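Structure at a glance
Here is what each chain is made of, one letter per residue.
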Amino acid sequence: MMKPQFGLIGLGTMGAALALNIAEKGFPLAVWNRTASVTADFHAGAGALADRITTTKTLEEMVGAMAEPRAIILMVPAGQVVDDQLQALAPLLGADDLVIDAGNANFHDTNRRAQAGLPFRFMGIGVSGGEEGARHGPAIMAGGAGEDWQRMAPVLQAIAARAEDGTPCADHMGPEGAGHFVKAVHNGIEYADMQMIAETYGVMRDGMGMAADAVGQVFRKWNDGILRSYLIEISGEVALAADPVKGGPLLDMIVDSAGQKGTGRWTAVEAQHLSAPIPVIEAAVMARNVSARREERAKGEAAYGAAPVALDGQVTLEDLEQALTAGKILCYAQGFAMMTAAGAEFGWALDMPAIARVWRAGCIIRSAMLNDMAKALSEDPARNLILAPYFADHLRRCVPALRRVVAAGAMNGLALPALGAGLAWFDMMRTARGTANMIQGQRDYFGLHGFKRLDGVDRPHGPWAKG
Ligand code: 6PG
């Protein structure tokens, strides 16, 4: 067998799946994992693909088993492990070899690594789609030098998911950490989509008294409409699943504390640095944090009593579907606007329609609506999505329902933080004369910070200014 040009380090769930995907698409590769038994088990389970995979017992052996110039994909935990691995590879690789970090790295780390003067070429790529995606077609958001993308494009596009029109969901986002940045925004939106779905579940469960399987049927129905998406589909499956231990709905047995590895939080933190408003994503991160405070919440309920929720026809299932539709449009509008701000700040030519196209298949937030977003962003990439005629029509139709749902939640003690945050942002964005004139007056009063006048008269301070 000819020496493979591709290699992969880290045969955990995602790494093993990606390695099989690469081999299946016809690219022989060498693999290495820190624990040798993991490599052996992986190879034994590779079936017919085993012939295309060279297993190695040390990093040196792996590098030696590969043809130059090498391209090695790292699928190891984000953070220090990546730095350690890069350090270990440094004495073994040449200047034309390429190392690709395909984990969920913080894009600041990827920027740092790209600028660190590593003795080999380096890329950071965001890979989405969980194990199933990695095995059969993820969405890939690549960051790095254009020439390195050109070199890797044949393999990355071959292993990626394909949109309905056949386009591979793998593209070059920009230099250095651009790919990992877009992946972080993807994850922020993932958090927000999940949270808004959970909020509609809460309205059905607590406000409408619906059992889990009835909720599951609603999600199934929604998945045939405008909300068609992977997350709605799996939410239906989750709600319909039976508890294998005790029978009854499994959902009712799952503890209501959400975990997180932190990528959604990175997006919220970065949005603050960029002064980019993404309140739906921020609310979703907040809601996960509140969910984790289970004991405190129980004390809160003991102190104040459970919320007196019984919506009694105040909102319908159609309202909920429309509210979620509006919330989703608002959330994506915020996410794309944040990426526009980041592009300007970091000097990256982030291509908004291309990002929407990459997200159409393979990734966790894949949805039918992303096709329409790609179209709307192609018309005018810098325009906020809420001003695109197609989405403006949907918002005019759906916002009244969002208003009913959020109002009913507020009046009945049902927490709807993400949907509510979307609505508040929308109302600010449709108000030409806001209320920050008061803030400016206050700032001038206590700090002489100055303000601008509507009539253009040059009098930057109020009468409260002394002297
Ligand atoms: C993906 C996902 C994935 C993420 C998990 C867990 O695109 O495949 O975003 O990368 O790591 O969904 O994320 P949390 O643990 O933060 O929920």
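Here, the structure is the one placed above.
Here's a quick rundown of the structure.

Here is what the cut-offs are and how they apply
- Residues numbered from 1 in each chain as written.
- Predicted model: local features only at pLDDT ≥ 70, side-chain atom pairs only at ≥ 80, totals over all residues.
- Heavy atoms only, no water.
- Helix = DSSP H or I, 4+ residues; strand = E, 2+ residues; numbered from the N terminus.
- Rg over C-alpha atoms; globule rule 2.2 N^0.38 Å.
- Contact = heavy atoms within 4.5 Å.
- Areas by Shrake-Rupley, 256 points an atom, 1.4 Å probe, with all protein chains shown as cover.
- Core = buried A, V, L, I, M, F, W, Y, C linked by side-chain atoms within 4.5 Å.
- Buried < 20%, exposed > 50% of the residue type's maximum accessible area, 1.4 Å probe, protein only.
- Domains from an automatic or database assignment.
- Near = heavy atom within 4 Å.
- Polar contact = N/O pair within 3.5 Å; in protein donor to acceptor, adjacent residues only side chain to side chain.
- Lys, Arg positive; Asp, Glu negative; His and termini not counted.
- Salt bridge = Lys/Arg side-chain N within 4 Å of Asp/Glu carboxyl O.
- Pairing = 2+ DSSP bridges.
- Axes fitted to C-alpha atoms, helices over the stretch in contact; angles between N-to-C directions.
- Phe/Tyr/Trp six-rings, centres within 6.5 Å; stacked < 30°, edge-to-face > 60°.
- Lys NZ or Arg CZ within 6 Å of the ring centre and 35° of its normal.

**With respect to the overall build of the protein chain**
Summing up its helical and strand segments, the protein chain has 19 helices and 8 strands in all. Computed over its C-alpha atoms, the radius of gyration of the protein chain comes to 25 Å, within 12% of the 23 Å expected for a compact globule of 467 residues. Put simply, of all contacts in the protein chain between residues at least 6 apart along the chain, 68% involve residues at least 24 apart. Total accessible area on the protein chain is roughly 21,600 Å²; 55% of this is exposed by carbon and sulfur atoms.

**Considerations on the nonpolar core**
Among the nonpolar cores identified, the biggest contains 91 residues, and Phe 181, Phe 336, Met 339, Leu 350 and Trp 359 are the most heavily contacted of them. With 13 residues, the top contributor of residues to this core is helix H14 (residues 317–346). Viewed by domain, this core spans two of them, domain 1 (6–176) and domain 2 (184–429), each represented by three or more residues. Apart from residues lying up to four places away in sequence, Trp 359 is in contact with Met 141, Val 182, Val 185, His 186, Ile 189, Phe 336, Met 339, Ile 365, Arg 366, Ser 367 and Leu 370. By size, the runner-up hydrophobic cluster in this structure holds 38 residues, among which are Leu 49, Ala 50, Ala 102 and Val 155.

**Details of the site of the ligand**
Inspection of the region around the ligand gives 15 residues, with Ser 128, Lys 183, Glu 190, Tyr 191 and Arg 288 positioned closest. Taking Gly 130, its main chain carries an N or O atom lying 3.2 Å from an oxygen atom of the ligand. Here an oxygen atom of the ligand sits 2.4 Å away from a polar atom, N or O, in the side chain of Tyr 191. Here the ligand has 420 Å² of accessible area as a free molecule, and 81% of this is covered by the chains.

**Here we look at unusual backbone geometry**
The omega angle of the peptide bond from Glu 68 to Pro 69 is -10 degrees, so this bond is cis rather than trans. Here Pro 69 lies in the loop between helix H3 (59–64) and strand E4 (71–74). One non-glycine residue, Glu 176, lies in the positive phi region at around 45 degrees. The topology assignment puts Glu 176 in the loop between strand E8 (170–174) and helix H8 (178–207). Positive phi outside glycine occurs at Leu 448, with the angle close to 50 degrees.

**As for the side chain of Glu 190**
Tracing the sequence through the fold places Glu 190 in helix H8. Of the side chains with opposite charge, Arg 288 lies nearest to the buried Glu 190, which makes no salt bridge, at 5.2 Å.

**A short note on the sheet that holds strand E1 (residues 6–9)**
Spatial strand order, E3-E2-E1-E4-E5-E6-E7-E8: 8 strands in an open sheet with mixed pairing. Strand pairing shows two members of the sheet lacking a second neighbour, strand E3 (53–55) and E8, which therefore form its edges. Sheet twist, expressed as the average angle between the axes of neighbouring strands with direction ignored, equals 25 degrees. The pairing of strand E6 (residues 121–128) with strand E7 (residues 139–143) spans 5 bridges and is classified as antiparallel. Opposite Gly 126, over in E7, you have Met 141 as the bridge partner.

**Some details on the packing of aromatic side chains**
For the structure shown, the criterion picks out 12 aromatic pairs. On the numbers, 5.5 Å between centres and 55 degrees between planes, the contact of Phe 107 with Phe 346 is tilted. Note that Phe 107 is positioned in helix H5 (residues 107–114) and Phe 346 in helix H14, a separation of 239 residues in sequence. You can call Phe 107 buried: its relative accessible area is 4%. Put simply, the rings of Phe 107, Phe 181, Phe 346 and Trp 348 pair up and form one aromatic cluster. A cation over a ring is seen here: Arg 288 above Tyr 191, with NZ or CZ 3.5 Å from the ring centre. Stacked on the ring of Tyr 230, the Lys or Arg Arg 366 has its end atom at 4.0 Å from the ring centre.

**A few points about the environment of Arg 293**
Assignment of secondary structure puts Arg 293 in the loop between helix H12 (279–291) and helix H13 (294–304). As a C-alpha pair, Arg 293 and Arg 151 span 142 residues in sequence and 47 Å in three-dimensional space.

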